[in-house]
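# Structure assessment
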Amino acid sequence: MKRLFAILVVCVLAFASSEVCHAQFSKLSFGKYGVSSIRPESLRAVRGAVWVDVTNPMVGFTVSEIKGTVYKKGVPFVYGSASDVHIPLGTRRANISGRASLSPSASLWDVLALIVFDPEDYSVDLSVRITLDTGETRTVSKSQMPVTALLKLI
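Residues numbered from 1 in each chain as written. Predicted model: local features only at pLDDT ≥ 70, side-chain atom pairs only at ≥ 80, totals over all residues. Heavy atoms only, no water.

When you tally the buried positions in strand E7 (residues 122–132), you get 8 out of 11 residues, the bulk of the element. In this structure, strand E3 (residues 61–72) lies alongside E7, joined through 10 bridges in antiparallel fashion. Counterpart to Thr69 in the pairing with E7 is Asp125. Where E7 and strand E8 (residues 137–146) come together, 8 bridges link them in antiparallel fashion. Paired with Val128 across the strands is Val140, a residue of E8. Two successive antiparallel strands, E7 and E8, enclose a turn made up of 4 residues, where Gly135 displays a positive phi of approximately 105°. (Buried < 20%, exposed > 50% of the residue type's maximum accessible area, 1.4 Å probe, protein only. Helix = DSSP H or I, 4+ residues; strand = E, 2+ residues; numbered from the N terminus. Pairing = 2+ DSSP bridges.)

Put into structure tokens, the structure is as follows:
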């Protein structure tokens, strides 16, 4: 679950930043990433924090109102949300905290099955609000994005 949590947060940033400026997205890069903390709230929900090193040669931006659903073979698996994160110009370590909970259709056995994680089994719905440091704001939503495609962004 930790690995999936970290990968998804990095994917959210990659997705959001790709929507900021298509022409310069190739210049945005991600370095190391990891889980800072993860703490169970119940048997079906966790709160956690991850970090990722980001090099942003473009204008700074804030990603907010981050919400998503992870699907496993087309069935809702995890619902999540994350706190706002600002990605300034330059190279910085971004810290993101959030909450994830299993959907009612997911079981604890499904979580244990993550030991053998096959990204082709998963897709993601994401919705984020992007605010450039210049003041321009837009809300972007994408549905049923394959996790394999998101992993290619990082």
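What follows deals with the pattern of salt bridges. Overall, the coordinates contain 4 salt bridges when judged by the stated rule. A salt bridge links Arg47 to Glu41; its shortest N-O distance comes to 2.7 Å. You can call Glu41 partly exposed: its relative accessible area is 36%. Residues Asp53 and Arg93 are paired through a salt bridge, measuring 2.8 Å at the closest nitrogen-oxygen approach. On the criterion of sequence distance, the pair formed by Asp53 in strand E2 (residues 45–56) and Arg93 in strand E6 (residues 90–102) is long-range, its members being 40 residues apart. The class for Arg93 is partly exposed, based on a relative accessible area of 45%. Linked by salt bridges that have partners in common, Glu41, Arg47 and Arg99 make up one network. (Salt bridge = Lys/Arg side-chain N within 4 Å of Asp/Glu carboxyl O.)

Let us now look at the pairing of E3. Remember that side chains alternate between the two faces of the sheet whenever the strand is regular. Among the 12 residues in E3, 9 count as buried, and that is most of the element. Summarising the sheet, E3 and strand E5 (residues 85–87) pair through 3 bridges and their orientation is antiparallel. When the sheet's bridge partners are listed, Val63 is paired in E5 with Val85. As paired strands, E3 and strand E4 (residues 75–82) are joined by 7 bridges and run antiparallel to one another. Each bridged residue has a counterpart across the sheet, and for Gly68 the counterpart in E4 is Gly80. Connecting E3 to the next strand, E4, in antiparallel fashion are 2 residues, including Lys73 with a positive phi near 55°.

Right, let's get into the nonpolar core. If you look at the biggest cluster of nonpolar residues, it comprises 17 residues, and the most contacted ones within it are Val54, Val85 and Ala94. Elements supplying a minimum of two residues to this core: E2, E3, E5, E6 and E7. In this structure, Ala94 is in contact with Val50, Trp51, Val52, Val54, Val85 and Ile87, ignoring residues within four places of it in sequence. Core analysis: the second largest hydrophobic core is formed by 14 residues, Ala106, Phe117, Val124 and Val147 among them. (Core = buried A, V, L, I, M, F, W, Y, C linked by side-chain atoms within 4.5 Å. Contact = heavy atoms within 4.5 Å.)

Looking at the element boundaries, Lys72 is found in strand E3. Look at Lys72: it is buried, it has no salt bridge, and the nearest opposite charge is Asp110 at 4.5 Å. Filtering out sequence-adjacent residues up to four positions away, Lys72 remains in contact with Phe77, Asp110, Ala113, Asp121 and Tyr122. (Lys, Arg positive; Asp, Glu negative; His and termini not counted.)

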